[in-house]
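Fold and contact review
The lines below spell out each chain.
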Amino acid sequence: MLRFIVRRLLQLIPILLGLSVLLFAWLRALPGGPAQAALGERATPEAIARYNELFGLDEPILVQYLRFLGRAVRLDFGTSARTGRAVTTEFFERMPGTVELTVFALIFAVGVGIPLGYLAARRHGSWLDSTSVIGSLLGVAIPVFFLAYLLRLLFAVELGWLPGSGRQDVRMDATRITNFYVLDGLMTREWDAAWDAVLHLILPAIALGTIPLAIIVRITRASVLDVVNEDYVRTANAKGLAMSTVRRRHIIRNALLPVSTTIGLQAGLLLSGAVLTETVFAFGGVGSAIYDALFARDFALLQGFILMLAVVYVLVNLLVDISYGLLDPRVRAR
Amino acid sequence: MQPLSAMPAEPVLEVEELAVRFTRRGEQPTRAVDGVSFTVAPGETVGLVGESGCGKSVTSLAVMGLLPRRGVEVSGSVRFQGQELVGAPDATLRRLRGADMAMVFQDPLSSLNPTVPIGTQVTEVLLEHRDLSRKEATDEATGLLDKVGIPDPRRRLKEYPHQLSGGMRQRALIAMALACSPRLLIADEPTTALDVTIQAQILELLRELVVDTGTALVMITHDLGVVAGLCDRVHVMYAGKIIETADRHDLFARPRQPYTGGLLASVPRLDGGRGAPLTPIRGSARDTIPWAEGCAFAPRCDNAQDDCLTEVAGSTVSLEPDGPGRELRCRHPIQYPPSPAGATALGAAR
Ligand SMILES: Nc1ncnc2c1ncn2[C@@H]1O[C@H](COP(=O)(O)OP(=O)(O)O)[C@@H](O)[C@H]1O
Ligand code: SF4
Ligand SMILES: [Mg+2]
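Residues numbered from 1 in each chain as written. Chains lettered and ligands numbered in written order. Predicted model: local features only at pLDDT ≥ 70, side-chain atom pairs only at ≥ 80, totals over all residues. Heavy atoms only, no water.

**Focus on unusual backbone geometry**
All names here are of chain A.
- Even without being a glycine, L75 presents a positive backbone phi close to 65°.
- Relative to the elements of secondary structure, L75 occurs in the loop between helix 4 (61-72) and helix 5 (87-122).
- Take L75: its relative accessible area is 45%, and that puts it in the partly exposed class. (Helix = DSSP H or I, 4+ residues; strand = E, 2+ residues; numbered from the N terminus. Buried < 20%, exposed > 50% of the residue type's maximum accessible area, 1.4 Å probe, protein only.)

Right under this line is the structure:
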């Protein structure tokens, strides 16, 4: 197991190197550089040259890259041209927001998706089954951006039931420890702050969780329909076990294996979906920062954020693989 | 007749006119089992023999009440220790299954849950049907694995099915089936998925266990070799119906149904006949006609004559007594010249 983890972490190195080269090249190929974005369209060539010199953007690209790499290994990605703060600091302030959003979206998707998928399978052919099949087809088809916009418009702007922007009401003046606002609220026993953070998470989490929800419903349903026909379920019934035991130990446990793989694959989708969702809800996470930085041609922040996100992504997948091994002894053996 | 018929008259299992129809939506209904009757006495081993697809598994699943409720019509009667099981509530069946009647399946790997340790899969039967603590159940499970010949049972209890060999898996399944000392054990081709040497070991194990405990055994197989070593009485099935019933000895010595004769000729015999050529039955199990139109075996039968293909006096080819302890469904059975019992002409006389 340890060897497996170490090997996966070592695989990160070439991934990050390749990604950083691509990122570096891509950003510099974008029309309009950071100077233009910062100084406006009518900036004089002299002003642009001075700006570039100041930020080291006038040097050959290879030199820039090597300098970037040298600092990056020390987790130093420079300062954001837009906010003037260290990129790394900014990241660790914002990443918890994205993680919270993703976790809530997953809780929503898993918590609703698995029971719904199971029920649909057990009532195969019923109206509940057909509804969930059609619903899950629609769910995947709706663009995240559009759904987020609709939810915000209806429940935040029109009905005013839930907050439609930010991570927490600024008037809360909550204490910050980990920058996971819900967690901080619980740790400091500032219950109202925690609750306010949860309320802020609901709409974005639903928007972000809908596609995974639809996929989980579909996979769970198909998987349960498969598993109930397995020989070992017949064996369990032949043993005269109570239906609840058959269901829990023999059907659901095995039906969840493909579901857990799917959830693992969703991690990447969720991270990219978070960018769009955060933008709509002005949610102070990594996603909205990347979105803003892209328009500001904030190279330092983009490079730092995307590389660190890649690390998070790989770590999440590693975690998924490890938990998959815990669920399925056949995987553990390898 | 075998001395077994002198057993107490009370059979463990009485199956009467059992019929199973699959009625899938959008598909033509298939009659997988078509009026099967047989009984099993305590301590008796009854064979259900026939080519793949003749309805052996469906018969056993119907007896155990394990067929899905939807899309399946079961009729006739299955009485277990006098209690009617066809149409019995699910709770009744679950109380009996695993405790009083148990089953061993064909493919040990797919019949075991891959994500649950062997130990749990054994103890769950004990905990379900008997009033044991977890600790007692584990001890009992250890003893069971030991009894079915699994070495180092304590360690094996913690292992998963994929860590065991095929033979060990089938032994584990047998341990689960015998955990609560059932009165009836149905073994559906328990050795088909195993290597030849392992097959013999598993059959020997089943034989010992049945002899030791007096459990009635229904042995389902397509392999007459298995029948020869194990069964007291044999029912040969074809296309959902029993076509010949006889004690093992009679069946091997004088098969009457041409299909039975064909089965015997197509397997290597251990008792002499070493040089005899193996002659497979013509065609395949798919070359059949509906029983309503005559004898389902007619398209493949060397003895077939015109009257095999028509119903006679409004009845299809029926199962008739054929001498002591025998029954036969055939209009032109195999004849044996000097017949000491003098009772073989019944089938031919029709
Ligand atoms: N679930 C099912 N749905 C429809 N037909 C089935 C089903 N199970 C079995 N059958 C049919 O019933 C017949 C008997 O099958 P089975 O009892 O499995 O044969 P075997 O003697 O090989 O055990 C076969 O023709 C098979 O196609
Ligand atoms: S009834 Fe006719 S066709 Fe059928 S087995 Fe007997 S001889 Fe052959
Ligand atoms: Mg079968």
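Don't stop here, the text continues.
**Concerning the confidence of the model for chain B**
- Per-chain confidence: chain B averages 87 in pLDDT, with 89% of residues scoring 70 or above.
- Note on the complex model: pTM 0.81, ipTM 0.88. (pLDDT = per-residue confidence, 0-100.)

**Points about the site of ligand 1**
Residue and element names in this part refer to chain B.
- If you check the shell around ligand 1, you find F22, R24, T30, A32, E51, S52, G53, C54, G55, K56, S57 and V58 and nothing else.
- Here an oxygen atom of ligand 1 and a backbone polar atom of G55 are 3.1 Å apart.
- Expressed as a share of its isolated accessible area of 560 Å², the protein-covered part of ligand 1 is 63%.
- At the level of elements, strand 2 (30-40) and helix 1 (56-64) are the ones that each hand at least two residues to the shell around ligand 1.
- Residue contributions to the shell around ligand 1 peak at 3 residues, all from helix 1. (Near = heavy atom within 4 Å. Polar contact = N/O pair within 3.5 Å; in protein donor to acceptor, adjacent residues only side chain to side chain. Areas by Shrake-Rupley, 256 points an atom, 1.4 Å probe, with all protein chains shown as cover.)

**Let's talk about the site of ligand 2**
- Neighbouring ligand 2 are Q257(B), P258(B), C295(B), F297(B), A298(B), C301(B), N303(B), A304(B), C308(B), C330(B), R331(B) and H332(B).
- Of the residues that constitute the shell around ligand 2, the class distribution is 8 nonpolar, 3 polar and 1 charged. (Nonpolar A, V, L, I, M, F, W, Y, C, P; charged D, E, K, R; others polar.)

**A closer look at the interface of chain A and chain B**
- Counting from both sides, the interface comprises 26 residues of chain A and, opposite them, 27 residues of chain B.
- Both faces considered, chain A and chain B share a buried interface measuring about 2200 Å² in area, 52% of it formed by carbon and sulfur atoms.
- The three residues of chain A that bury the most area against chain B are R234(A), A238(A) and K239(A), which together make up 26% of that side's buried surface.
- The shortest N-O distance in the salt bridge between E124(B) and R249(A) comes to 2.6 Å.
- Put simply, chain A and chain B have 19 residue pairs in polar contact (both at pLDDT 80 or more) between them.
- Those elements that place two or more of their residues in the side of chain A that touches chain B are helix 10 (231-238), helix 11 (243-280) and helix 14 (329-333) of chain A.
- Ranked by residues supplied to the side of chain A that touches chain B, first place goes to helix 11 of chain A with 8 residues.
- A breakdown of the residues in the side of chain A that touches chain B according to their chemical character gives 10 nonpolar, 7 polar and 9 charged. (Contact = heavy atoms within 4.5 Å. Buried area = accessible area lost by both parts, 1.4 Å probe. Salt bridge = Lys/Arg side-chain N within 4 Å of Asp/Glu carboxyl O.)

**What about a nonpolar patch on the surface?**
All names here are of chain A.
- On the surface, L2, V6, L10, I13 and L17 cluster together into a nonpolar patch covering about 490 Å² of accessible area.
- Looking at the element boundaries, L10 is found in helix 1 (residues 2-29).
- Classification of L10 as exposed rests on a relative accessible area of 52%. (Patch = residues over 30% accessible without salt bridge, like charges linked within 9 Å, V, L, I, M, F, W, Y side chains within 5 Å.)

**Some thoughts on the confidence of the model for chain A**
- Chain-level pLDDT for chain A is 85 on average; 99% of the residues reach the 70-or-more range.
- Least confident of the elements in chain A is helix 14 of chain A, whose mean pLDDT is 68; most confident is helix 10 of chain A, at 96.

**Points about the sheet that holds strand 12 (residues 327-328) of chain B**
All names here are of chain B.
- The 8 strands are arranged 6-7-8-3-9-10-12-11 in an open sheet whose pairing can be described as mixed. Two strands close off the open sheet at either side, each with one partner strand: strand 6 (101-104) and strand 11 (320-321).
- Where strand 3 (residues 45-49) and strand 9 (residues 233-238) come together, 4 bridges link them in parallel fashion. Paired with V49 across the two strands is V236, which belongs to strand 9.
- Helix 8 (residues 196-213) contacts strand 3, strand 7 (184-188) and strand 8 (216-221) of the sheet and is inclined by roughly 160° relative to strand 8. (Pairing = 2+ DSSP bridges. Axes fitted to C-alpha atoms, helices over the stretch in contact; angles between N-to-C directions.)

**Points about the packing of aromatic side chains**
All names here are of chain B.
- For the structure shown, the criterion picks out 11 aromatic pairs over all chains.
- Arranged with centres 4.6 Å apart and planes meeting at 65°, the rings of Y238 and Y259 form a pair that is edge-to-face. Taken together, the residues span a long stretch of sequence, with Y238 in strand 9 and Y259 in helix 11 (residues 258-265) at a distance of 21 residues. This pair shows no difference in class: Y238 is buried, exactly as Y259 is.
- Between Y238 and F297 the ring centres are 5.1 Å apart and the planes differ by 75°, which places this aromatic pair in the edge-to-face class. One end of the pair, Y238, is in strand 9; the other, F297, is in the loop between helix 11 and strand 11, and 59 residues separate them in sequence.
- The exposure class of Y238 is buried, given its relative accessible area of 2%. (Phe/Tyr/Trp six-rings, centres within 6.5 Å; stacked < 30°, edge-to-face > 60°.)

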